Amino acid sequence: MLEIKNLHAEVEGNKILRGINLTINPGEIHAIMGPNGSGKSTLSYVLAGKEDYEITEGEILFNGENVLEMEIDERAAAGLFLAMQYPIEIPGVANMTFLKTALNAQRVARGEGELKTPDFMKKVKELSAKLNVTQEMLRRPLNVGFSGGEKKRNEILQMALLEPKLCILDETDSGLDIDALRIVSEGVNALKSPERSMLVITHYQRLLNYIVPDVVHVMYKGQIVKTGDKSLALELEEKGYAEFTGEVAA
Amino acid sequence: MTTPAIKTAADKALASLIESAKGALPGNESFASLRSAAASAFEENGLPTRRVEEWKYSDLKKAMPADLALAQPVDSALAKQQLSGADIIKAVETCRLVLVNGIYSAELSDLADLGDAISVRSVAEALQAGEFQLDDPAIAQGDIALSLNTALLQDGVIVEIAAGAEIDKPLEIRHIMIGGGMATVRNRVVIGKGSKVGVIETFTGDEAAYQLNTAIDYRVADDAKLNVLRIINEGDNGLHLGSTTATVGGHVHFEHFTLSASGKFVRSQSFVAMLGEYSDADLFGASLVNGSRHSDITLKMDHAVPNCNSKEQYRTVLDDKAVGVFQGQIIVRQYAQKTDAKMMSQALLLSEDASFNNKPELEIYADDVVCGHGATCGELDEDLLFYLRARGISKDLAKKMLVMAFLAEAIENVSDDRFVEALEAYILDRLGLAD
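Draft legend 1. Geometry of the nonpolar core. Ranked by internal contacts, the top residues of the largest apolar core, which has 121 residues, are Leu2(A), Ile4(A), Leu43(A), Ile90(A), Phe257(B), Leu259(B) and Ile427(B). In terms of residue count, the dominant contributor to this core is helix α8 (residues 395-411) of chain B (nine residues). Among all residues touching Ile427(B), those that are not within four sequence positions of it are Leu259(B), Leu288(B), Met404(B), Leu407(B) and Ile411(B). Counting 60 residues, the second-largest nonpolar core is a separate cluster that includes Val272(B), Val305(B), Met343(B) and Leu349(B).

Draft legend 2. Local environment of helix α9 (residues 417-431) of chain B. All names here are of chain B. Between its first and last C-alpha, α9 extends 21 Å over 15 residues, near the 21 Å set by a 1.5 Å rise per residue. Within the sequence span of α9, burial applies to Phe419, Val420, Ala422, Leu423, Tyr426, Ile427 and Leu431. Within α9, the buried residues cover an arc of 165° as seen down the axis, which keeps them to one side. In α9, the exposed residues that point more than 90 degrees away from the buried face are Asp417 and Asp429. The elements touched by buried residues of α9 are β7 (196-205), β9 (225-233), β11 (253-262), β13 (280-289) and α8.

Draft legend 3. Helix α7 (residues 382-389) of chain B, seen in detail. All names here are of chain B. Summarising burial for α7: six of the eight residues are buried, a large majority. Every buried residue of α7 is listed here: Leu384, Leu385, Phe386, Tyr387, Leu388 and Arg389. At the N-terminal end of α7, a side-chain oxygen is found 2.8 Å from the backbone nitrogen of Asp383, two or three residues along, and the residue is Asp381.

Draft legend 4. View of the interface of chain A and chain B. With 30 residues of chain A in contact, the opposing surface of chain B contributes 19 residues. Both sides of the chain A and chain B interface together cover about 2,000 Å² of buried area, and 68% of this is carbon and sulfur. Area buried by chain A at its contact with chain B is led by Ile72(A), Asp73(A) and Ile88(A), which between them contribute 24% of it. Our count for the contact surface shared by chain A and chain B stands at five salt bridges. The salt bridge partner of Lys50(A) is Asp383(B), with a shortest N-O separation of 3.1 Å. At the junction of chain A and chain B, the tally comes to eleven residue pairs in polar contact (both at pLDDT 80 or more). Within the residue set of the side of chain A that touches chain B, elements represented by two or more residues are α1 (40-48), α2 (72-78), β6 (80-83), β7 (90-94), α3 (95-109) and α6 (148-162) of chain A.

Draft legend 5. Quick look at the sheet that holds β7(B). Residues and elements named next belong to chain B. What the ten strands build is an open sheet, ordered β2-β1-β5-β7-β9-β11-β13-β15-β17-β19; its pairing is mixed. Each edge of the open sheet is held by one strand with a lone partner, namely β2 (103-110) and β19 (370-378). Across this sheet, the average inter-strand angle for adjacent strands is 10°, counted without regard to direction. Strand direction decides the pairing type here: β11 and β13, joined by eight bridges, are parallel. When the sheet's bridge partners are listed, Ser260 is paired in β13 with Ser287. Sitting on the sheet, α8 touches β11, β13, β15 (309-318) and β17 (340-349), and the angle it makes with β15 is about 165°.

Draft legend 6. Spotlight on the environment of Leu169(A). All names here are of chain A. One can find Leu169 in strand β9 (residues 166-170). Separated by 47 residues in the primary sequence, Leu169 and Val216 place their C-alpha atoms 14 Å from one another. Among residues more than four places away in sequence, those in contact with Leu169 are Ala83, Ile156, Met159, Val188, Leu199, Val200, Ile201 and Ile211.

Draft legend 7. The packing of α6(A) against helix α7 (residues 178-189) of chain A, seen in detail. Residues and elements named next belong to chain A. Packing of α6 against α7 leaves a shortest axis separation of 10 Å and a crossing angle of 10°. Relative to α7, α6 is oriented roughly parallel. Here Lys152, Arg153, Ile156 and Met159 of α6 come into contact with α7, specifically with Ile183, Val184, Gly187 and Val188. The residue makeup of the contact of α6 with α7, split by class, is five nonpolar, one polar and two charged.

Draft legend 8. Looking closely at the side chain of Thr42(A). Residue and element names in this part refer to chain A. On the secondary structure map, Thr42 appears in helix α1. Relative accessible area serves as the criterion here: at 10%, Thr42 is assigned to the buried category. Leave out the neighbours within four places in its chain, and Thr42 touches Ile16, Leu17 and Tyr53.

Draft legend 9. Seen up close, the pattern of salt bridges. Inspection of every chain in the model, using the stated rule, returns 40 salt bridges over all chains. Among the ionic pairs, Glu163(A) bridges to Lys123(A), the shortest N-O distance being 3.7 Å. With Glu163(A) in the loop between α6 and β9 and Lys123(A) in helix α4 (residues 117-130), this pair connects stretches of sequence that are 40 residues apart. Judged by relative accessible area, which is 46%, Glu163(A) ranks as partly exposed. Glu235(A) is paired through a salt bridge with Lys226(A); the nearest N and O atoms lie 3.7 Å apart. With relative accessibility at 31%, the residue Glu235(A) sits in the partly exposed group. Each of the salt bridges in this network shares a partner with another, and the network as a whole consists of Glu51(A), Glu71(A), Asp73(A) and Arg389(B).

Draft legend 10. Structural context of the sheet that holds strand β10 (residues 197-201) of chain A. Residues and elements named next belong to chain A. With mixed pairing, the six strands of this open sheet are ordered in space as β6-β9-β10-β3-β11-β12. Edge positions in the sheet fall to β6 and β12 (223-228), since each of these pairs with one other strand and no more. Averaged over all pairs of adjacent strands, the angle between strand axes in this sheet comes to 20°, irrespective of strand direction. Relative to β9, β6 runs parallel, the two being bridged by four bridges. Directly across from Leu80, in β9, lies its bridge partner Leu166. Of the strands in this sheet, β6 and β9 are in contact with α6, which crosses β6 at around 170°.

Draft legend 11. View of the state of the cysteines. Scanning all chains against the criterion turns up zero disulfides over all chains. For the unlinked cysteine Cys308(B), the closest cysteine sulfur is that of Cys371(B), found at 12 Å.

Parameters at a glance
Positions within a chain are numbered from 1, following the residues in the order the chain's sequence is written. Naming scheme: in the order in which they are written, chains are lettered from A and ligands are numbered from 1. Only residues with pLDDT of at least 70 are given local features in this predicted model, and only at 80 or more are side-chain atom pairs given and counted; all residues enter the totals for whole chains, interfaces and linings. Values shown for side chains rest on all heavy atoms present in the structure; no hydrogens or waters enter the calculation. Take the buried Ala, Val, Leu, Ile, Met, Phe, Trp, Tyr and Cys residues and link them wherever side-chain atoms come within 4.5 Å; each set so joined is a nonpolar core. For each residue, the accessible area found with a 1.4 Å probe, counting protein chains only, is set against the maximum for its type, and the residue is called buried under 20%, exposed over 50%, and partly exposed in between. The way it works is that DSSP assigns letters per residue, a run of H or I at least four long becomes a helix, a run of E at least two long becomes a strand, and they are numbered from the N terminus. Two residues qualify as a contact provided that any one of their heavy atoms is within 4.5 Å of a heavy atom in the partner residue. Here, expected helix span is obtained from the residue count minus one, scaled by 1.5 Å. Throughout, the arc means the angular range of directions from the helix axis out to the C-beta atoms. Polar contact is defined as a pair of N or O atoms within 3.5 Å, subject to the rule that within protein one atom must be able to donate a hydrogen and the other to accept it, and that residues adjacent in sequence are counted only when both atoms are side-chain atoms. Here the buried area means the combined drop in accessible surface, using a 1.4 Å probe, for two parts upon being joined, counting both sides. Put simply, a salt bridge is a Lys or Arg side-chain nitrogen that is within 4 Å of an Asp or Glu carboxyl oxygen. By this definition, two strands are paired if DSSP reports at least two bridges between them. Each axis is a line fitted through C-alpha atoms, and for a helix only the stretch in contact is used; angles between axes span 0 to 180 degrees, taken between their N-to-C directions. In this scheme, roughly parallel covers angles under 35 degrees and roughly antiparallel covers those over 145, while 65 to 115 is roughly perpendicular and the rest are oblique. Residue type decides the class: Asp, Glu, Lys and Arg count as charged, Ala, Val, Leu, Ile, Met, Phe, Trp, Tyr, Cys and Pro as nonpolar, and the leftover types, Gly among them, as polar. Put simply, a disulfide is two cysteine sulfurs that come within 2.5 Å.

These figures capture arrangement, not role.
See the structure below:
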């Protein structure tokens with residue numbers, strides 16, 4: 001599904017990613033953990049195509065296609081979805097209009113044709129009920145005046161609606177209380193399938209109690225420094241990142 | 001002010017047009033003397049140079065062509081045909097008054113649902129009968145566009161709305177230019193005490209080079225509610241010199257929205273005088289300027305009496321090599337205590353070659369008032385673009401959505417839902433976002 005080979009990226013001359021290698025197979029859930037500033041969010045932005053980063057080396061293949069040559073929206077239409085750490089507020093664009101425009105843009109890009117309004121409404125209604133996204137939130141401008149939890153639920157609603165092949169969750173747990181975390185995790189788990197992969201980026205092990213990973217990576221200073229199974233997350237929770245920060249810094 | 005002699009070809013052409021048209025223009029003797037006073041003033045000053053403060057950012061001398069002639073009367077069959085394409089507010093049903101090349105056409109107007117509360121008369125006819133007096137508010141005195149309007153005035157409509165009338169269907173005053181040339185219009189809308197009415201002014205034209213000098217005078221009596229929507233949709237070679245004057249009585253709610261959407265050179269200026277206490281005036285607007293177009297919104301708000309509120313909020317989107325201007329002046333006279341006036345002008349630049357001139361001015365002589373102004377000028381937010389594109393929306397479509405979103409915040413000020421619908425439909429269509 002996703003193959004990252006020796007990926008180096010920098011922003012304004014600062015090297016952030018220093019040789020990332022990562023392979024995710026269909027149906028797998030991978031978690032990336034690591035201390036602040038290790039480059040986790042940068043990796044997610046580079047995958048999605050944010051233009052602030054310069055890729056100096058390496059490649060990213062998504063189902064065999066060279067991701068680095070694709071536009072941001074082409075990546076989305078190909079099935080790559082980034083649930084953002086800080087979903088942006090867009091006054092003047094109604095949430096519902098945004099959802100419909102996004103879904104239809106992807107469908108058209110894939111040659112599937114637009115979804116008719118009644119079918120779209122039905123789909124949104126079903127999914128939003130599960131995620132506790134109210135009609136009022138759908139009518140409001142995108143994310144404007146949403147609480148932290150509402151914004152994250154709205155991210156997961158987009159993910160559920162767009163049915164991507166690879167879901168990248170960038171610190172989706174940040175700013176969530178226990179109840180919100182449960183709703184969001186259930187939403188994510190409902191999307192698990194043998195054809196869909198996930199990359200979960202988080203500081204804390206807590207989220208991984210709900211979304212159980214197959215593989216856990218530790219990222220530090222722009223590299224993956226350790227890979228293990230879900231027990232690695234528990235180990236990190238107990239011992240912290242000192243092992244890595246000490247080791248690499250020494 | 002020094003008096004520059006008439007120099008440019010456009011000045012000469014205009015002076016000779018005023019001279020040659022004199023005999024053919026309507027009006028009794030007393031109006032003829034007003035015309036010649038305006039003509040002499042023009043002889044003396046010519047078109048404003050950029051040294052004239054009010055015209056610093058809009059070079060009318062340069063914009064006015066050197067080959068000027070009055071627009072010709074149009075065959076009514078042709079006018080009818082053009083008129084169907086000039087329907088730019090399909091979303092709203094209106095009673096319609098039509099002016100073709102500056103001349104009121106009762107035949108082309110649709111007054112079926114007008115009712116008894118509205119009367120309509122042609123300005124040319126009133127001028128002949130000596131029944132049309134010019135009486136501009138103090139802040140509009142000496143304005144060059146209005147002075148030229150007096151010199152060359154051809155026709156217009158005088159609409160009177162009876163006291164206490166509540167008019168359901170908005171009244172549309174539709175201006176259409178066909179085949180090029182210069183036309184000069186002055187309309188007057190008299191809003192009776194306690195009446196409620198919506199007026200839509202639309203301006204369209206074909207591809208020919210033309211110059212429309214259009215003015216409208218709103219006289220709003222006490223307790224009335226007036227909503228105005230003004231859509232400037234001139235042809236690509238059209239020059240639009242538009243003036244709004246309004247005198248506002250007491251306990252009035254006056255709301256005015258200008259959409260400057262097309263035309264080669266557009267100057268839309270408003271002069272509003274608050275003359276009665278406890279009134280609100282909301283002046284809103286949005287401008288979409290692209291190509292090498294020039295669009296100027298100029299307003300003067302005169303708070304002459306106490307206890308009134310005014311809001312001035314404008315948004316401008318500029319692309320390509322377009323030039324935008326916003327000049328907003330709020331005057332609070334010494335006697336106008338407890339005035340609350342807020343002005344905001346925001347621009348969005350989509351191109352590095354576009355430019356925007358933003359000049360808010362407050363002139364406050366009273367000491368117990370709340371007044372403020374703000375001005376911003378920025379580009380599209382890259383983070384917003386990224387968010388939309390990361391959901392699969394193309395760059396082009398994402399930009400358009402953000403432009404719409406920027407303008408939607410101006411439109412949401414409008415209280416009449418029908419006007420909101422008309423504006424949204426127009427802008428969505430213009431941006432290519434309509435379903």
